[in-house]
Amino acid sequence: MAPDEPADRHRATAAALLPLLGGAGNVLSVTNCMTRLRLELRDRALVRDAELRALPGVLGVVEDGSSYQVVLGPGTVARVTPELARLSATVPGPGEEPTPGTTAPVTAAALAERGAALRTARKARNATPVKLLLRRIAAVFVPLIPALIGCGIVAGLAGLLANLGWLPALAPGLAAVASGFMSLIAVFVGYNAAKEFGGTPVLGGAVAAIIVSPGVDRVHVLGERLSPGQGGVLGALAAAVLAAYVERWCRSWVPEALDVLVTPTLTVLLAGFVTLYGLMFVAGEVSTAIGHLADRLLGEGGAAAGFVLGGLFLPLVMLGLHQALIPIHTTLIQQQSHTVLLPILAMAGAGQVGAALAVYARLPRNGSVRGTIRSALPAGLLGIGEPLIYGVSLPLGRPFVTACVGGAFGGGFVGLLNQWGHVVGSTAIGPSGWALFPLLKGSHGPGPAAAVYGTGLLVGYAAGFAVTYFFGFGKGRVAELNAPKAAPPSRGVPPSAYSVQEN
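Since we're looking at a predicted model, the values are computed, not measured.

### Side note on the overall build of the chain
The number of helices and strands found in the chain is 19 helices and 8 strands. Among the 503 residues that make up the chain, the fraction classed as buried is 49%. Expressed as a percentage of contacts within the chain between residues at least 6 apart in sequence, the contacts between residues at least 24 apart total 75%. Accessible surface computed for the chain: about 22,100 Å², of which carbon and sulfur atoms make up 68%.

Right, here's the structure in full:
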């Protein structure tokens, strides 16, 4: 492959996306997170949905409030984003009306339509104040995931070299590179939180920086001396949100001529003092409790705790409650350098893959559904299970439940090994499935950690397959789904035909 071919491919993807999004004049802003292209559009009606979802390389779409999101996958999205931003600023392109499609009963297209309806209904149910707040909190942490992944892998490499005694002069440098971001993560959380909650980002970062300032060790609260970092990311989040509200309150009464001087000063002073003499202490206690609870949950609960966590994660995603786990994962990573919860929760994806394989095996004459599974399975193995969820298991009904059972068995296995002393954690959040292997950290080194996690995946695959194969279909349902069609069987629709929700 020529050196410039990957760049040409990403440029071509951007060029193909632009007219389907309604043209350059319809794109107001282009950003991205780890897997999604996030767009603000002038007129949503100009988007050609059917063609966009069928575009090669598109894994799905998400509509989240005013944001229209195109799932391209990790790596690809970071390269397509600047190309699309450049094209949308220079290339005109009028939009067209979406092209209506047709669906057939009991085919991949029919399941996709049913999955989209279920997703829409779930989205409407999830639009509660609490869930919207959780979504906003998740939006604070999602932009940090690439840095967490990069620093987590570097930290793992540093630990591996130190354990093996290789390159002793290089290992400290790698450790320093990996720890730099984590030592200042409170500042980044504060910056993003203020931006998300309507404040000036740099003021949120300034207030959150108090938490990691060395000078706080000279401050006493309730007879105890504060320590730098006390309160962690939870304290930084609370401090920045408070700063945003203080700033908006100041702007409501400070004269415009004095705003540039008075508002920033009062914001930093008032929010800073509350952070020092209240939030740091309270958030520190909460963060410590989270760490103790996680250790006790898996140390004493073992298989039972893992079974429940692995089995309930997919329903939590459906309810939108999984977003509450993001700050918990980040707190554990900051405290203990890894989160023990993520490898267990990742077993839910293994159960989903096993269930999809069972559906594939039970429907030998339904080429459409089998084609969908073949297309979506590689993404599922890498932890992107939404195409399988919304395209196969959830529309079919019972296979979604049996997929949860498969995830429960995988989580129970990892939890049991944790109770026996083989602790497995992840140094970052975001990836799951096979993509989580480079981020694993264990009490006995990376090798045993990978063995425990890999065996857990196999248990999840096997349990999801077995339970779905034998109990995933009601009486007569297999015969109905395998009914021969007059027309040749479809090769299925790619996973891009399904709207997805990133977990």
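### Points about the pattern of salt bridges
A complete count under the given rule lists 9 salt bridges for this structure. A salt bridge links Arg 48 to Glu 51, with the shortest nitrogen-to-oxygen separation between them at 2.9 Å. Take Glu 51: its relative accessible area is 30%, and that puts it in the partly exposed class. Linking Glu 480 and Arg 477 is a salt bridge whose minimum nitrogen-to-oxygen distance equals 3.1 Å. Linking Glu 480 with Arg 477, this pair stays in helix H19 (residues 477-481), spanning 3 residues, or about one helical turn. In this structure Glu 480 comes out as partly exposed when scored by relative accessible area, which is 40%. Through salt bridges with shared partners, one network takes in Arg 11, Glu 83 and Arg 86.

### Quick look at the pairing of strand E2 (residues 36-41)
The pairing of strand E1 (residues 27-32) with E2 spans 5 bridges and is classified as antiparallel. Within the sheet, the bridge partner assigned to Asn 32 lies in E2 and is Leu 37. Bridge analysis of E2 against strand E4 (residues 67-71) gives 5 bridges, and the strand direction is antiparallel. Bridge assignment links Leu 37 to a residue of E4, and that residue is Val 70.

### A word on a nonpolar patch on the surface
Where nonpolar side chains cluster on the molecular surface, the patch consists of Leu 157, Leu 160, Leu 164, Trp 166, Leu 167 and Leu 170 and spans about 570 Å² of accessible area. With respect to the helices and strands, Leu 170 occurs in the loop between helix H6 (145-164) and helix H7 (171-183).

### Remarks on helix H18 (residues 446-471)
It helps to recall that an α-helix has 3.6 residues per turn; residues three or four apart then point in one direction. An ideal rise of 1.5 Å per residue puts 38 Å on 26 residues; H18 measures up with 37 Å between its terminal C-alpha atoms. Those residues of H18 that fall on the buried side of the exposure criterion are Ala 449, Val 452, Tyr 453, Gly 454, Gly 456, Leu 457, Gly 460, Tyr 461, Ala 463, Gly 464, Val 467 and Thr 468. Residues of H18 that are buried sit in contact with helix H13 (341-345), helix H14 (347-362), helix H15 (367-381), helix H17 (398-419), strand E7 (424-426) and strand E8 (440-442).

### Some remarks on the packing of H14 against helix H16 (residues 386-396)
It is the contact of H14 with H16, at a shortest axis distance of 11 Å, that shows an interaxial angle of 65 degrees. In terms of axis orientation, H14 runs roughly perpendicular to H16. Crossing geometry of H14 relative to H16 is assigned as left-handed. Residues Gln 352, Val 353, Ala 356 and Val 359 of H14 form the contact with H16, whose own contacting residues are Leu 388, Ile 389, Val 392, Ser 393 and Leu 396. For the contact of H14 with H16, the per-class residue count stands at 7 nonpolar, 2 polar and no charged.

### Here's the deal with the packing of aromatic side chains
Per the stated rule, a full pass over the model turns up 7 aromatic pairs. Measuring from centroid to centroid gives 5.4 Å for Phe 307 and Phe 409, while their planes differ by 80 degrees, and the two rings are edge-to-face. Taken together, the positions of Phe 307 in helix H11 (residues 259-319) and Phe 409 in helix H17 put the pair 102 residues apart, joining distant regions of the chain. Look at Phe 307 and you get partly exposed, because its relative accessible area is 37%. Put simply, the rings of Phe 465, Tyr 469 and Phe 470 touch in pairs and so form one group of aromatic residues.

### Some remarks on the pairing of E4
Put simply, side chains in a regular strand alternate between the two faces of the sheet. With 5 of its 5 residues buried, E4 lies for the most part within the structure. Where burial is concerned, the two faces of E4 agree: the one with Ser 67, Gln 69 and Val 71 and the one with Tyr 68 and Val 70 are both buried.

### Things to note about helix H8 (residues 185-196)
The end-to-end C-alpha separation of H8 is 16 Å, in line with the 16 Å expected for 12 residues at 1.5 Å each. Taken residue by residue, H8 has Ile 185, Ala 186, Val 189, Gly 190, Asn 192, Ala 193 and Ala 194 as its buried positions. Of the surrounding secondary structure, the elements contacted by the buried residues of H8 are helix H5 (129-141), H6, H7, helix H9 (201-209), helix H10 (232-251) and helix H12 (325-336). Immediately beyond the C-terminal end of H8, within one or two residues, lies Gly 198, with a positive phi of roughly 90 degrees.

### With respect to the nonpolar core
The biggest cluster of nonpolar side chains holds 94 residues, and the ones touching the most others in it are Phe 141, Ile 185, Val 189, Leu 237, Val 359 and Tyr 453. Leave out the neighbours within four places in its chain, and Ile 185 touches Leu 144, Leu 148, Val 233, Thr 330 and Gln 334. Leu 17, Leu 21, Tyr 68 and Val 77 belong to the second largest nonpolar core, which has 23 residues in total.

### Re unusual backbone geometry
For Leu 167, which is not glycine, the phi dihedral falls at a positive 45 degrees. The topology assignment puts Leu 167 in the loop between H6 and H7. Positive phi values are uncommon outside glycine, yet Ser 337 reaches one of about 75 degrees. Assignment of secondary structure puts Ser 337 in the loop between H12 and H13. With a relative accessible area of 30%, Ser 337 lands in the partly exposed category.

### Quick look at the confidence of the model for the chain
With 86% of its residues at a pLDDT of 70 or more, the chain shows a mean pLDDT of 84. Across the chain, element-level confidence peaks in H9 with a mean pLDDT of 96 and bottoms out in helix H4 (residues 108-125) with 61. When the criterion is pLDDT under 50, residues 91-105 qualifies, and its contacts beyond four places in sequence or with other chains add up to 26 contacts. Across residues 486-503, confidence stays below pLDDT 50; counting only partners more than four residues off in sequence or on other chains, it has 66 contacts.

### Overview of the environment of Leu 222
Along the chain, the position of Leu 222 falls in the loop between strand E5 (220-221) and strand E6 (224-225). Residue Leu 222 is classed as exposed on the basis of its relative accessible area, which comes to 71%. Between the alpha carbons of Leu 222 and Tyr 277 there is a distance of 8.9 Å; along the sequence they are 55 residues apart.

Cut-offs used in this document
Residues numbered from 1 in each chain as written. Predicted model: local features only at pLDDT ≥ 70, side-chain atom pairs only at ≥ 80, totals over all residues. Heavy atoms only, no water. Helix = DSSP H or I, 4+ residues; strand = E, 2+ residues; numbered from the N terminus. Buried < 20%, exposed > 50% of the residue type's maximum accessible area, 1.4 Å probe, protein only. Contact = heavy atoms within 4.5 Å. Areas by Shrake-Rupley, 256 points an atom, 1.4 Å probe, with all protein chains shown as cover. Salt bridge = Lys/Arg side-chain N within 4 Å of Asp/Glu carboxyl O. Pairing = 2+ DSSP bridges. Patch = residues over 30% accessible without salt bridge, like charges linked within 9 Å, V, L, I, M, F, W, Y side chains within 5 Å. Expected span 1.5 Å × (residues − 1). Axes fitted to C-alpha atoms, helices over the stretch in contact; angles between N-to-C directions. Parallel < 35°, antiparallel > 145°, perpendicular 65-115°, else oblique. Left-handed = near helix turned anticlockwise from the far one by under 90°. Nonpolar A, V, L, I, M, F, W, Y, C, P; charged D, E, K, R; others polar. Phe/Tyr/Trp six-rings, centres within 6.5 Å; stacked < 30°, edge-to-face > 60°. Core = buried A, V, L, I, M, F, W, Y, C linked by side-chain atoms within 4.5 Å. pLDDT = per-residue confidence, 0-100.

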